[in-house]
Amino acid sequence: LHLNSNRFRGRIPLSISYTLPFLYELDLSNNLFTGPFPSVLLTLPGLAYLDIRFNGFAGELPAALFTKEKLDAIFVNDNLFSGPLPPVLASCAASVIVLANNRFVGSIPSGFAPAMALSLNELLFHGNFLGGRIPDEFARLAALTVLDLSDNNLTGPLPPSFSALRNLQQLSVARNSLCGTIPASVC
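Residues numbered from 1 in each chain as written. Predicted model: local features only at pLDDT ≥ 70, side-chain atom pairs only at ≥ 80, totals over all residues. Heavy atoms only, no water.

A. Molecular detail of the side chain of D51. Mapped onto the fold, D51 is located in strand β4 (residues 49-51). Polar contacts involving the side chain of D51 include one to the side chain of R53, which spans 2.9 Å. If near-sequence neighbours (up to four positions away) are discounted, D51 is found in contact with L26, D27, L28, S29 and F75. (Helix = DSSP H or I, 4+ residues; strand = E, 2+ residues; numbered from the N terminus. Polar contact = N/O pair within 3.5 Å; in protein donor to acceptor, adjacent residues only side chain to side chain. Contact = heavy atoms within 4.5 Å.)

B. Molecular detail of the packing of aromatic side chains. Tallying each qualifying case throughout the model produces six aromatic pairs. Pairing F33 with F57 gives two aromatic rings, centres 6.2 Å apart and planes at 10 degrees, and the pair type is stacked. You can see F33 sitting in strand β3 (residues 32-35) and its partner F57 sitting in strand β5 (residues 56-59), a full 24 residues away along the chain. Accessibility expressed as a relative area gives 6% for F33, which makes it buried. Its relative accessible area of 1% is what places F57 among the buried residues. Measuring from centroid to centroid gives 6.3 Å for F57 and F81, while their planes differ by 10 degrees, and the two rings are stacked. Remark: F81 occurs in strand β7 (residues 80-84) and F57 occurs in strand β5; sequence separation between them is 24 residues. Residue classification places F81 among the buried positions, given a relative accessible area of 0%. (Phe/Tyr/Trp six-rings, centres within 6.5 Å; stacked < 30°, edge-to-face > 60°. Buried < 20%, exposed > 50% of the residue type's maximum accessible area, 1.4 Å probe, protein only.)

C. Region of interest: the side chain of N128. Position of N128 relative to the elements: it lies in the loop between β10 (122-124) and β11 (129-133). Only 3.3 Å separates the side chain of N128 from the backbone nitrogen of R103, close enough to count as a polar contact. In this structure N128 touches L99, A100, N101, N102, R103, F104, D151 and N152, once residues within four positions along its chain are discounted.

D. Highlighting the pattern of salt bridges. Counted according to the given criterion, the structure contains two salt bridges. Residue R53 pairs with D51 through a salt bridge whose shortest N-O separation is 2.9 Å. With a shortest N-O distance of 2.6 Å, D151 and R175 are connected by a salt bridge. One end of the pair, D151, is in the loop between β12 (146-148) and β13 (153-156); the other, R175, is in the loop between β14 (170-172) and β15 (177-178), with 24 residues separating them in the sequence. Assessed through its relative accessible area of 29%, D151 is described here as partly exposed. (Salt bridge = Lys/Arg side-chain N within 4 Å of Asp/Glu carboxyl O.)

E. Layout of the sheet that holds strand β2 (residues 25-27). Within the open sheet, the seven strands sit side by side as β2-β4-β6-β8-β10-β12-β14. Their pairing is parallel. The open sheet terminates on both sides in strands that have one partner only, identified here as β2 and β14. Strand-to-strand twist of the sheet, defined as the mean angle between neighbouring strand axes without regard to direction, takes the value 10 degrees. As paired elements, strand β8 (residues 96-98) and β10 share three bridges and run parallel to each other. Along β10, the bridge assignment pairs V96 with E122. (Pairing = 2+ DSSP bridges. Axes fitted to C-alpha atoms, helices over the stretch in contact; angles between N-to-C directions.)

F. Molecular detail of the environment of L50. Checked against the element boundaries, L50 lands in strand β4. Sequence separation of L50 and N152 is 102 residues, and the distance between their C-alpha atoms is 24 Å. Not counting chain neighbours up to four residues away, the residues in contact with L50 comprise L26, F37, L41, L65, L71, A73, I74 and F75.

Written out as structure tokens, the structure reads:
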């Protein structure tokens, strides 16, 4: 169901959970939806692709978003989401997670689970207010091809463990407060 690029507004109706029980792909991007994360979407058992970017959703993301077993692509960028990232994010089995251009604060969760290491291809956190150091555990994400941590408040050095990211094609850490030298092994 693709309802993107319109002027739909308000909140997502609760009826979506019982009128569309087999929905697996939902694109509500580029609209005028507001309110908190539409938790009714978490009741869709087969949802594999969720795109709610470029709306006016606000508040914290529910941890349950990152524990949905079949959810493979999560696009929640360019909203007004805020607060810390749920620690359970580190065990999400999705292949694409885009949380860019929101108002997230705190540190990036660490302790990435083996399921995430084998499935995650793209992870975009740019344009938030995330701070602290870049977790060394990113090196466990063997399938990662795109990592964008730019435009945050990250500090410390670029972890030498990034050299283990053999499939990485794009890395952006621009406009942070990183220091030290770039490890030759990363290049």
